[in-house]
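Single-letter residue listing:
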Amino acid sequence: MKGKKRLTQDQEFQIMKLVLDKFLWLGFGIMAWGVVRIFQKAVTDGILLLIGGVVLLILFIWLIVKEYEIIK
């Protein structure tokens, strides 16, 4: 059985960008649907969707901080 293929740092970064981009779209999409639900008078559902979107975006931030060094 062959060993795993090794990725360069740039290849790894490009794959990570693709994955994290999906987290962003999903988080903002959930939050947008929450705003729509609030305007449709389903306030409780809307607020829960907004909170779910925020949790997803916080997970996104945690992944970035964990995976990459932030240079000031």
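Residues numbered from 1 in each chain as written. Predicted model: local features only at pLDDT ≥ 70, side-chain atom pairs only at ≥ 80, totals over all residues. Heavy atoms only, no water.

Colleague: Help me get a handle on the environment of glycine 46, residues and values and all.
Modeller: Take glycine 46: it is sitting in helix 2 (residues 43-67). The class for glycine 46 is buried, based on a relative accessible area of 0%. Taking the C-alpha atoms as reference points, glycine 46 and valine 35, 11 residues apart in sequence, are found 5.9 Å from one another. (Helix = DSSP H or I, 4+ residues; strand = E, 2+ residues; numbered from the N terminus. Buried < 20%, exposed > 50% of the residue type's maximum accessible area, 1.4 Å probe, protein only.)

Colleague: Kindly report on unusual backbone geometry, identifying the contributing residues and their values.
Modeller: Residues other than glycine seldom take positive phi values, yet lysine 41 does so here, at roughly 70 degrees. Its place among the elements puts lysine 41 in the loop between helix 1 (9-39) and helix 2.

Colleague: Account for the packing of helix 1 against helix 2, with residues named and values stated.
Modeller: Two numbers describe how helix 1 lies on helix 2: the axes approach to 7 Å, and their chain directions differ by 165 degrees. In terms of axis orientation, helix 1 runs roughly antiparallel to helix 2. Considering the relative orientation of helix 1 and helix 2, their crossing is left-handed. Split into classes, the residues belonging to the contact of helix 1 with helix 2 amount to 22 nonpolar, 5 polar and 4 charged. (Axes fitted to C-alpha atoms, helices over the stretch in contact; angles between N-to-C directions. Parallel < 35°, antiparallel > 145°, perpendicular 65-115°, else oblique. Left-handed = near helix turned anticlockwise from the far one by under 90°. Nonpolar A, V, L, I, M, F, W, Y, C, P; charged D, E, K, R; others polar.)

Colleague: Outline helix 2, supporting the account with residue identities and numerical values.
Modeller: Between its terminal C-alpha atoms helix 2 stretches 36 Å, which fits the 36 Å expected from 25 residues at 1.5 Å a residue. Here the buried face of helix 2 lies against helix 1. (Expected span 1.5 Å × (residues − 1). Contact = heavy atoms within 4.5 Å.)

Colleague: Talk me through the pattern of salt bridges; I want residue IDs and the actual numbers.
Modeller: In total, this model carries 2 salt bridges according to the counting rule given. Lysine 22 serves as the salt-bridge partner of aspartate 21, at 4.0 Å between the closest nitrogen and oxygen. Judged by its relative accessible area of 32%, aspartate 21 is partly exposed. The salt bridge partner of aspartate 45 is arginine 37, with a shortest N-O separation of 3.3 Å. (Salt bridge = Lys/Arg side-chain N within 4 Å of Asp/Glu carboxyl O.)

Colleague: Account for helix 1, naming residues and giving values.
Modeller: Between its first and last C-alpha atoms helix 1 spans 45 Å; for 31 residues at 1.5 Å apiece the expected length is 45 Å, and the two agree. Those residues of helix 1 lying buried are Met16, Leu20, Gly27, Met31 and Gly34. Buried-residue contacts for helix 1 involve helix 2. Positive phi appears at lysine 41, one or two residues downstream of helix 1, with a value of about 70 degrees.

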